Amino acid sequence: MKKVYGSAAEALDGLLFDGMFVASGGFGLCGIPELLLQAIKESGTKDMTFASNNAGVDDFGIGILLQTKQVKKMISSYVGENAEFMRQYLSGELELEFNPQGTLAERMRAGGCGIPGFYTKTGVGTVIAEGKEHKDFDGETYVMERGIFADLAIVKAWKADETGNLVFRKTARNFNPPAAMCGKTCVVEVEEIVETGSLDPDTIHLPGIYVHRLI
């Protein structure tokens, strides 16, 4: 099965639709799938929900989609340093679901493993837990969080072979592996595509079974 495409637009062809749910890798400005985000912007797809640690800044990352008002809702941990995000949220134009970073990463990982929900102590007694199921285990209260099952995952990696086995470089490994796992379709942009079999199996951070398309 062909996984390597010639451009971001080609790799996203047939995958985008209004109202879709996208999981995006990256942390701060590190490991952001910038080419794929630019292609989504140019596609004009709107009313999207994004699950991502943060929304970038005004002119980079998911911030470029906020400028064009293509995002309806963000599921995020950190939303500072983005003036347009703040403006849209405070004016009621943008929905926001806050998640602690570890919880968000685990929600993505759980979705990728087919786990519909899990219990965590993080957020109990705060606004994070409002409206969610609570359960006691051994005298401690936990809140249930749902696994994330996205329509599309967009990811940035350092190196891949033609079957989609991925290697991430340093801190770009952040949210990219769990984001890649939880999408029905996963599209990855990489700095280098190498011949199949040339990567040491012990250095692969995410197996190609999770990856559908590469640029």
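Cut-offs used in this document
- As a convention, each chain's residues are numbered from 1 in the sequence order in which they are written.
- Two thresholds apply to this predicted model, a pLDDT of at least 70 for residue-level local features and 80 or more for giving and counting side-chain atom pairs, whereas whole-chain, interface and lining totals are computed over all residues.
- Hydrogen atoms and water are omitted, and side-chain values are computed over all heavy atoms in the structure.
- In this description a helix means any DSSP run of H or I spanning at least four residues, a strand means any run of E spanning at least two, and both kinds are numbered starting from the N terminus.
- What the globule rule says is 2.2 Å times the number of residues to the power 0.38, and the radius of gyration is computed from C-alpha atoms.
- Throughout this description, buried means an accessible area under 20% of the type-specific maximum (1.4 Å probe, protein chains only), exposed means over 50%, and partly exposed covers the range between.
- Residue contacts are defined here by distance: any two heavy atoms, one from each residue, within 4.5 Å place the two residues in contact.
- All accessibility values rest on the Shrake-Rupley procedure with a 1.4 Å probe; residue burial counts only the protein chains present in the view.
- In this tally Asp and Glu are treated as negative and Lys and Arg as positive; neither His nor the chain ends contributes.
- Where a charge lies is defined by one atom per residue type, namely NZ (Lys), CZ (Arg), CG (Asp) and CD (Glu).
- Any two strands with at least two DSSP bridges between them are considered paired.
- Any N or O atom pair separated by 3.5 Å or less is treated as a polar contact, with the protein-specific requirement of one donor-capable and one acceptor-capable atom, and with residues adjacent in sequence counted only for side-chain atom pairs.
- Grouping into patches uses exposed residues only, defined as over 30% relative accessible area, and leaves out salt-bridged ones; the cut-off is 9 Å for like charges and 5 Å for nonpolar side chains (Val, Leu, Ile, Met, Phe, Trp, Tyr).
- A side-chain nitrogen of Lys or Arg and a carboxyl oxygen of Asp or Glu constitute a salt bridge if their distance falls within 4 Å.
- Note on terminology: a nonpolar core comprises buried Ala, Val, Leu, Ile, Met, Phe, Trp, Tyr and Cys residues joined through side-chain atoms within 4.5 Å.
- If you view a crossover with the strands going away from you and the path from the first strand over the helix to the second runs clockwise, you call it right-handed.

1. Considering the overall build of the protein chain
Broken down by element type, the protein chain carries six helices and 11 strands. Whereas a compact globule of 215 residues would reach a radius of gyration of roughly 17 Å, the protein chain reaches 17 Å, a difference of no more than 12%. C-alpha extents for the protein chain along the principal axes are approximately 55 × 40 × 30 Å. Put simply, the protein chain has 215 residues, and 48% of those count as buried. For the protein chain, the proportion of contacts with a sequence separation of at least 24, taken over those separated by at least 6, is 71%. In the form shown here, the protein chain has an accessible surface area of approximately 10200 Å², with 52% of it arising from carbon and sulfur atoms. The positive charge centre, built from 21 side chains, and the negative charge centre, built from 29, are 2 Å apart in the protein chain.

2. Here we look at the pairing of strand β10 (residues 183-194)
Sheet topology places strand β8 (residues 150-161) next to β10; 10 bridges connect them, and they run parallel. Each residue of the ladder has a partner; that of L152, found in β10, is T185. Of the pairings in the sheet, the one linking β10 to strand β11 (residues 213-214) comprises two bridges and is parallel in character. Across the sheet, V187 pairs through a bridge with R213, a residue of β11.

3. Brief notes about the environment of K46
Structurally, K46 is set in the loop between α2 (34-43) and β2 (48-51). On the basis of relative accessible area, K46 is assigned to the partly exposed category, the value being 41%. Taking the C-alpha atoms as reference, K46 lies 8.2 Å from M20; in sequence the two are 26 residues apart. Discounting chain neighbours no more than four positions away, the residues touching K46 are D18, G19 and Q70. A distance of 2.8 Å separates the side chain of K46 from the side chain of D18, its partner in a polar contact.

4. Comments concerning unusual backbone geometry
With a phi close to 50°, D138 is a non-glycine residue in the positive phi region. For D138, the location among the structural elements is in the loop between β6 (134-137) and β7 (140-146).

5. Some words on a nonpolar patch on the surface
Together, M86, Y89 and L90 make up a nonpolar patch on the protein surface, roughly 350 Å² of accessible area in all. With respect to the secondary-structure elements, L90 resides in helix α4 (residues 83-90).

6. Remarks on the nonpolar core
Counting 27 residues, the largest nonpolar core has L37, F50, L65, V71, M74 and I154 as the members making the most contacts within it. When contributions to this core are tallied by element, the ones reaching two or more residues are α1 (8-12), α2, β2, α3 (63-67), β3 (71-76) and β8. Ranked by residue count, the leading element in this core is α2, at four residues. Excluding residues that lie within four positions of it along the chain, L65 makes contacts with L37, I40, K41, M48, F50, Q70 and V71.

7. Quick look at the pairing of strand β1 (residues 21-24)
Burial along β1 is two-sided: the residues F21 and A23 and V22 and S24 are all buried. Looking at chain direction, β1 and β2 are connected through three bridges and run parallel. Note on β2: the bridge partner recorded for V22 is F50. Assessed by its sense of winding, the connection that carries the chain from β1 through α2 to β2 is right-handed. Judged from the three bridges that link them, β1 and β8 form a sheet pairing that is parallel. Note that in β8 the partner of S24 across the bridge is I154.

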